[in-house]
Amino acid sequence: MNGTDKIFYIIGLVLFGGLILTAILQAADILTLTDLDMPCSFRSVTGLYCPGCGGTHAVCSLAKGHILQSFREHPFVPYTALCFLIYLVWNTIATIEGGRKFRFFHFHTAYVYIGIAILLIQWIVKNIMLFS
């Protein structure tokens, strides 16, 4: 693994750990969505949804295992989770196998562009639906 792959691997492990911690805290009723509910300053000023609106709800839904609901709330969240999950599993297997049987799954800029497209499309669609 090169330097960039190691950094993304560590970030993925930390994010996966955070998602598991969120799921545990929600299951124990220690953390609820209303605890995380904050007003959006972008929406307060412009009256429009910001590109990140729904992200917190989507993360909480994903932590509960509600993948479709998470996708409806903010499709960027499950997309990112899926990318990191594939990345983590693939590179963990490759590390265990010593890299002999598996080629490492590398980070590519195309994944970022796809994510940005998903982010922008959902932002535009949400705001069009706001006025419908």
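Residues numbered from 1 in each chain as written. Predicted model: local features only at pLDDT ≥ 70, side-chain atom pairs only at ≥ 80, totals over all residues. Heavy atoms only, no water.

**Student:** Sorry if this is basic, but what is going on with the packing of aromatic side chains here?
**Tutor:** The relative placement of two aromatic rings is captured by the distance of their centres and the angle of their planes. Under the defined criterion, the tally for this structure stands at one aromatic pair. Geometrically, the ring pair formed by Phe42 and Trp123 is edge-to-face, given 6.5 Å between the ring centres and 65° between the ring planes. Of this pair, Phe42 sits in helix α3 (residues 41–46) while Trp123 sits in helix α7 (residues 109–130), and the two are 81 residues apart along the sequence. (Phe/Tyr/Trp six-rings, centres within 6.5 Å; stacked < 30°, edge-to-face > 60°. Helix = DSSP H or I, 4+ residues; strand = E, 2+ residues; numbered from the N terminus.)

**Student:** Just to check I follow, could you spell out a nonpolar patch on the surface for this structure?
**Tutor:** A contiguous nonpolar patch, built from Phe16, Ile20, Ile24, Leu85, Val89 and Ile93 and spanning about 500 Å² of accessible area, is present on the exposed surface. Those elements that place two or more of their residues in the nonpolar patch are α1 (3–27) and α6 (76–96). Among the structural elements, Phe16 can be located in helix α1. (Patch = residues over 30% accessible without salt bridge, like charges linked within 9 Å, V, L, I, M, F, W, Y side chains within 5 Å. Areas by Shrake-Rupley, 256 points an atom, 1.4 Å probe, with all protein chains shown as cover. Salt bridge = Lys/Arg side-chain N within 4 Å of Asp/Glu carboxyl O.)

**Student:** Help me understand the packing of α1 against helix α4 (residues 55–63) in this model?
**Tutor:** Relative placement of two packed helices is described by the angle separating their axes and the distance separating the axes. Packing of α1 against α4 brings their axes to within 8 Å, and their N-to-C directions diverge by 80°. Comparing their axes, α4 and α1 come out roughly perpendicular. On α4, the residues touching Leu19, Thr22, Ala23 and Gln26 of α1 are Val59, Cys60, Leu62 and Ala63. For the contact of α1 with α4, a count of residues per class yields six nonpolar, two polar and no charged. (Axes fitted to C-alpha atoms, helices over the stretch in contact; angles between N-to-C directions. Parallel < 35°, antiparallel > 145°, perpendicular 65-115°, else oblique. Contact = heavy atoms within 4.5 Å. Nonpolar A, V, L, I, M, F, W, Y, C, P; charged D, E, K, R; others polar.)

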